[in-house]
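Listed below, chain by chain, are the residues.
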Amino acid sequence: MCAGYVTWLVDGARASSQVGIETQLKDTLAKVVTDGEQLALQTMFPVCYESVKRFMCTQAYPVCTAGSRSPGLACKTTCDSMVSQCKIPFMLQQKADQLPQCGSQALAPFFDNSGSCNKVTAAPGKLVTPRACPDYMVTYNGTELNPYNNPNNTLGGQCFGRCCFPAPKMPLFYQTGQVDFANQLSVYMRAVSSIAALFVFLSYLVLPNKRKHPAIIVLFFAFGMTLWMGSIWMSFPNPLQIQRATDPTQADGLSPFLEARFTTNQQCTIQGTLLIFFAHLTIVWAVYLVLNLHLSAVWRSNFLERHFHVTSLFCWVWPLVFTIAGYLTSAIEYNAGATCFLSADRSSDFFFYPLAGLIGIATILHCWTFWSIARTSFMDSVSMDNSATVSQSASRNGKSSDPYGGGGQSSHGPNASYPGRSMGSTAQGSGGVRRAKHAVQAVRVQWRPLLLAMQLIVTFIVFFLFYKFEASKLQIDGSEQWFKEWVVCTMIERNGQDKCAAAAASNLPPYWLTMVTDIIVSMAGLLLFVIFGARKSLFFEWNTFFATLGRKRTASDPYAHYL
């Protein structure tokens with residue numbers, strides 16, 4: 001054990017009992033650090049392993065110098081060096097109390113602070129041959145006291161000695177290629193989703209009657225959705241450009257093991273800022289849409305329309321406040337997936353909790369609105385059983401104008417019809433059939449905004465639950481039992497990534513759940529297109545717009561004031 005360490009003369013008695021001393025040293029070391037932990041130290045903290053042997057060997061074999069009546073004691077600096085090198089690995093193994101208190105009075109008689117103390121002359125790191133880190137990890141080749149060592153990983157790296165997780169680290173705990181596939185799928189889906197949302201936004205911005213209340217709510221909603229999903233273009237085509245910290249010393253300009261932080265990747269910071277603002281903006285406008293539906297359908301109030309310029313300010317100030325808060329606290333960084341977002345310890349304060357309050361209120365109002373529409377529709381159908389009155393428009397084609405699509409008059413005018421209530425001509429028919437028709441009519445008038453708001457509510461709830469209860473499992477500090485077993489699997493047994501990932505799977509977010517959550521969020525823009533963009537009337541309006549684009553417009557032309 002001490003071969004190569006002890007290069008000085010020792011007294012004859014100790015030399016003759018070398019085998020016994022060596023056995024005793026190995027037994028003592030095994031009580032503190034198991035054989036498996038010793039292999040892990042040789043891989044991740046080789047200088048710590050060497051420092052332990054330096055300390056034990058200088059204690060066991062005092063130097064015997066000519067003319068000296070007593071053997072030389074070990075140097076206190078040897079003890080201090082061991083504690084310095086081994087503090088992190090022993091702390092990770094929850095064995096920090098096993099390290100000696102070098103400056104204590106109890107150990108003072110065993111150390112010599114003079115220049116003649118017993119010490120190993122070889123430079124640190126020269127007496128140990130490190131075991132190679134696994135191929136799928138990054139080897140840190142700097143100083144042994146790696147500044148990115150866990151838990152000192154505030155700079156974005158997560159290393160255990162000289163073996164570092166590659167950035168991002170999440171793929172390491174899953175089957176080879178799974179997370180990379182999920183990230184690429186997210187990039188492409190959100191890119192397509194942003195284009196789909198852009199179509200709806202441009203349609204409501206350019207085509208006539210789309211910038212009036214309440215259709216203008218959909219316009220602003222589509223604007224937020226376009227840039228929320230569009231922030232993914234900063235990750236296109238390779239998400240590594242926002243997942244990793246910048247490093248000009250590397251060929252690709254990116255650090256192999258440092259994940260992006262607020263100060264280490266400007267592109268990540270910009271993307272995270274945009275994502276926070278426009279995600280807030282989109283969800284707040286969805287809540288505004290729910291509130292508008294509720295006031296108009298339940299209370300017959302046009303309060304939001306009459307005070308639109310004032311009430312809509314809330315939808316812009318709200319996201320601005322939380323975005324500024326996230327930026328000023330430097331809370332934007334890369335965590336998981338293909339985008340930068342708020343840090344795990346700030347995401348709840350600046351995103352999930354504030355929006356959860358709004359979403360909770362919106363969900364209650366949404367259910368109330370739908371129940372009120374259905375209830376009123378059935379009450380009116382019973383009334384019509386007695387009066388035999390049905391809507392003239394419904395008797396013709398069963399259709400009602402959709403104010404959120406930009407068609408017809410505002411739903412809040414003095415002559416506006418209320419969904420489920422009807423006036424007009426008289427007709428006869430089965431009471432049950434009429435009740436069914438009026439229920440269908442009530443939903444038909446409002447189904448697009450109802451479905452859009454419900455989609456955003458479901459999307460937020462799914463994302464919140466995953467981020468709160470699953471994504472937090474990826475915040476690893478090294479003390480978790482499953483992680484220690486993973487280290488044994490990878491560093492000691494060398495079983496490979498796939499086998500070790502399978503063993504750790506029960507302690508991580510399920511891969512299928514990660515995929516489903518990301519797909520639900522990524523499809524938000526596509527669903528907006530399906531609900532509001534994939535309509536024959538909208539394509540007809542675009543056809544008319546382009547057909548009349550070159551002609552001189554008159555004041556009566558509906559397109560006259562739009563270009």
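Not measured: the values here are computed from a predicted model. For every chain, the first residue of the written sequence is number 1, and numbering continues from 1 along that sequence. Only residues with pLDDT of at least 70 get local features here, since the model is predicted, and only at 80 or more are side-chain atom pairs given and counted; chain-wide, interface and lining totals rely on the full set of residues. Working from all heavy atoms in the structure, the side-chain values ignore hydrogens and water.

### A closer look at the overall build of the protein
Counted only if it meets this: Counting from the N terminus, the helices are DSSP H or I runs at least four residues long and the strands are E runs at least two residues long. The cut-offs for exposure are 20% and 50% of the maximum accessible area for each residue type, with area from a 1.4 Å probe on protein chains only; residues under the lower value are buried, those over the upper are exposed, and the others partly exposed. Here, two residues are considered to be in contact whenever any of their heavy atoms come within 4.5 Å of each other. Per-residue accessibility takes into account occlusion by the displayed protein chains alone, with areas from the Shrake-Rupley method and a 1.4 Å probe.
Along the backbone of the protein there are 19 helices and nine strands. Residues classed as buried in the protein amount to 50% of the 563 residues present. A separation threshold of at least 6 residues defines the contact pool for the protein, and within that pool the share at least 24 residues apart is 78%. Summed over all atoms, the accessible surface of the protein reaches about 26,700 Å², with 62% contributed by carbon and sulfur.

### Digging into the sheet that holds strand 4 (residues 159-160)
The following threshold applies: Here the rule is simple: two strands pair whenever DSSP picks up at least two bridges between them.
Pairing within the open sheet is antiparallel, and its three strands lie in the order 3-5-4. Strands at the two margins of the open sheet, each flanked by one partner only, are strand 3 (138-139) and strand 4. Strand direction decides the pairing type here: strand 4 and strand 5 (residues 163-164), joined by two bridges, are antiparallel. The residue of strand 5 that forms the bridge with Cys 159 is Cys 164.

### Quick word on the state of the cysteines
To keep it simple, the criterion reads: Any two cysteine sulfur atoms lying within 2.5 Å of each other are counted as a disulfide.
Under the defined criterion, the tally for this structure stands at eight disulfides. With a sulfur-sulfur separation of 1.9 Å, Cys 79 is cross-linked through a disulfide to Cys 102. Disulfide Cys 79 to Cys 102: torsion about the S-S bond roughly -80°, handedness left-handed. Pair noted here: Cys 79 is in helix 5 (residues 76-92) and Cys 102 is in the loop between helix 5 and strand 2 (111-112), with a separation of 23 residues, a long-range link.

### Some thoughts on a nonpolar patch on the surface
Spelled out, the test is: For patch building, the residue pool is restricted to those with more than 30% relative accessible area and no salt bridge; the joining distance is 9 Å between like charges and 5 Å between nonpolar side chains (Val, Leu, Ile, Met, Phe, Trp, Tyr). What counts as a salt bridge is simple: a side-chain nitrogen of Lys or Arg found within 4 Å of a carboxyl oxygen of Asp or Glu.
The grouping of Tyr 188, Ile 195, Trp 233 and Phe 236 at the surface amounts to a nonpolar patch, some 400 Å² of accessible area in total. Mapped onto the fold, Trp 233 is located in the loop between helix 7 (215-230) and helix 8 (240-243). Residue classification places Trp 233 among the partly exposed positions, given a relative accessible area of 39%.

### Things to note about the nonpolar core
Rule in force here: Joining through side-chain atoms within 4.5 Å is the link that ties buried Ala, Val, Leu, Ile, Met, Phe, Trp, Tyr and Cys residues into a set, and such a set is a nonpolar core.
In this structure, Met 225, Trp 228, Phe 351, Leu 528 and Phe 532 are the most contacted members of the largest nonpolar core, which totals 64 residues. For this core, the elements supplying multiple residues, two or more each, are helix 6 (178-206), helix 7, helix 9 (266-298), helix 11 (308-328), strand 9 (340-342), helix 12 (347-387), helix 14 (431-469) and helix 18 (524-533). Counting residues per element, this core draws most heavily on helix 9, which supplies 16 residues. Listed in part, the 54 residues of the second largest apolar core include Cys 102, Met 170, Ile 492 and Cys 500.

### Observations concerning helix 19 (residues 536-547)
Spacing of three or four residues puts side chains on the same side of an α-helix, whose turn is 3.6 residues. For clarity, the threshold we go by: A helix is expected to span 1.5 Å for every residue after the first. Directions drawn from the helix axis to the C-beta atoms are what define this arc.
For helix 19, which comprises 12 residues, the first-to-last C-alpha distance of 16 Å matches the rise-based estimate of 16 Å (1.5 Å per residue) to within 8%. For helix 19, the complete set of buried residues consists of Leu 538, Glu 541, Trp 542 and Phe 545. End-on view of helix 19: buried residues confined to an arc of 100°, all on one side of the axis. In this structure, helix 19 carries Lys 536, Phe 540, Asn 543 and Ala 547 as exposed residues pointing more than 90 degrees from its buried face. On its buried side, helix 19 packs onto helix 6 and helix 18.

### Observations concerning the packing of aromatic side chains
Applicable threshold: Each Phe, Tyr or Trp ring (for Trp, its six-membered ring) is paired with any other whose centre lies within 6.5 Å, and the angle between the two planes then decides the class: stacked below 30 degrees, edge-to-face above 60, tilted in between. Over a ring means this: the NZ of a Lys or the CZ of an Arg is within 6 Å of the ring centre and within 35 degrees of the ring normal.
In total, this model carries 49 aromatic pairs according to the counting rule given. Plain terms: the ring middles of Trp 285 and Trp 316 are 6.2 Å apart, the flat faces sit at 75° to each other, and that makes the pair edge-to-face. Residue Trp 285 is located in helix 9, and its partner Trp 316 is located in helix 11; the two are separated by 31 residues in the primary sequence. Overall, Trp 285 belongs to the buried group, its relative accessible area being 0%. In this structure an aromatic cluster arises from ring pairing among Phe 201, Phe 220, Phe 223, Phe 277, Phe 278, Trp 285, Tyr 288, Phe 308 and Trp 316. Lys 210 extends its terminal NZ or CZ atom over the ring of Tyr 204, reaching a point 5.9 Å from the ring centre.

### Side note on the side chain of Asp 247
Counted only if it meets this: Residues counted as positive are Lys and Arg, residues counted as negative are Asp and Glu, and His and the chain ends are not counted.
With respect to the element layout, Asp 247 can be found in the loop between strand 6 (244-246) and strand 7 (254-259). For the buried Asp 247, no salt bridge is present, and the opposite-charge side chain at shortest range is Arg 244, 9.7 Å distant. Apart from the residues lying within four places of it in its own chain, the contact partners of Asp 247 are Gly 253, Leu 254 and Ser 255.

### As for the packing of helix 6 against helix 7
What counts here: Axes, fitted as lines to C-alpha atoms, cover a helix only where it is in contact. Angles between the N-to-C directions of the axes lie from 0 to 180 degrees. Comment on the angle field: the value is read as roughly parallel under 35 degrees, roughly antiparallel over 145, roughly perpendicular from 65 to 115, and oblique elsewhere. Here a crossing is taken to be left-handed if its near helix is turned anticlockwise relative to the far helix by less than a right angle, and right-handed if that turn runs clockwise. Under this grouping Gly is polar, as are all residues other than the nonpolar Ala, Val, Leu, Ile, Met, Phe, Trp, Tyr, Cys and Pro and the charged Asp, Glu, Lys and Arg.
Packing of helix 6 against helix 7 brings their axes to within 8 Å, and their N-to-C directions diverge by 155°. The orientation of helix 6 with respect to helix 7, classified from their angle, is roughly antiparallel. In this structure, the crossing between helix 6 and helix 7 has a hand that is left-handed. Only Ala 215, Val 218, Leu 219, Ala 222, Phe 223, Met 225, Thr 226, Met 229 and Gly 230 of helix 7 make contact with helix 6, whose side of the interface consists of Arg 190, Ser 193, Ser 194, Ala 197, Leu 198, Val 200, Phe 201, Tyr 204 and Leu 205. A breakdown of the residues in the contact of helix 6 with helix 7 according to their chemical character gives 13 nonpolar, four polar and one charged.

### Comments concerning helix 7
When the terminal C-alpha atoms of helix 7 are compared, their 22 Å separation across 16 residues agrees well with the 22 Å that a helix rising 1.5 Å per residue should span. Most of helix 7 is tucked away, with 13 of its 16 residues classed as buried.

### A short note on the pattern of salt bridges
On inspection of all chains with the given rule, the structure shows eight salt bridges. A salt bridge links Glu 37 to Lys 95; the nearest nitrogen and oxygen atoms lie 2.7 Å apart. Highlighted residues: Glu 37 in helix 3 (residues 35-44) and Lys 95 in the loop between helix 5 and strand 2, separated in sequence by 58 residues. Relative accessible area serves as the criterion here: at 18%, Glu 37 is assigned to the buried category. Across the salt bridge formed by Glu 259 and Lys 169, the nearest N and O atoms sit 4.0 Å from each other. Of this pair, Glu 259 sits in strand 7 while Lys 169 is found in the loop between strand 5 and helix 6, placing the two residues 90 residues apart along the sequence. Like Glu 259, the residue Lys 169 is buried in the burial classification.

Spatial relationships are all this shows, so hold off on functional conclusions.
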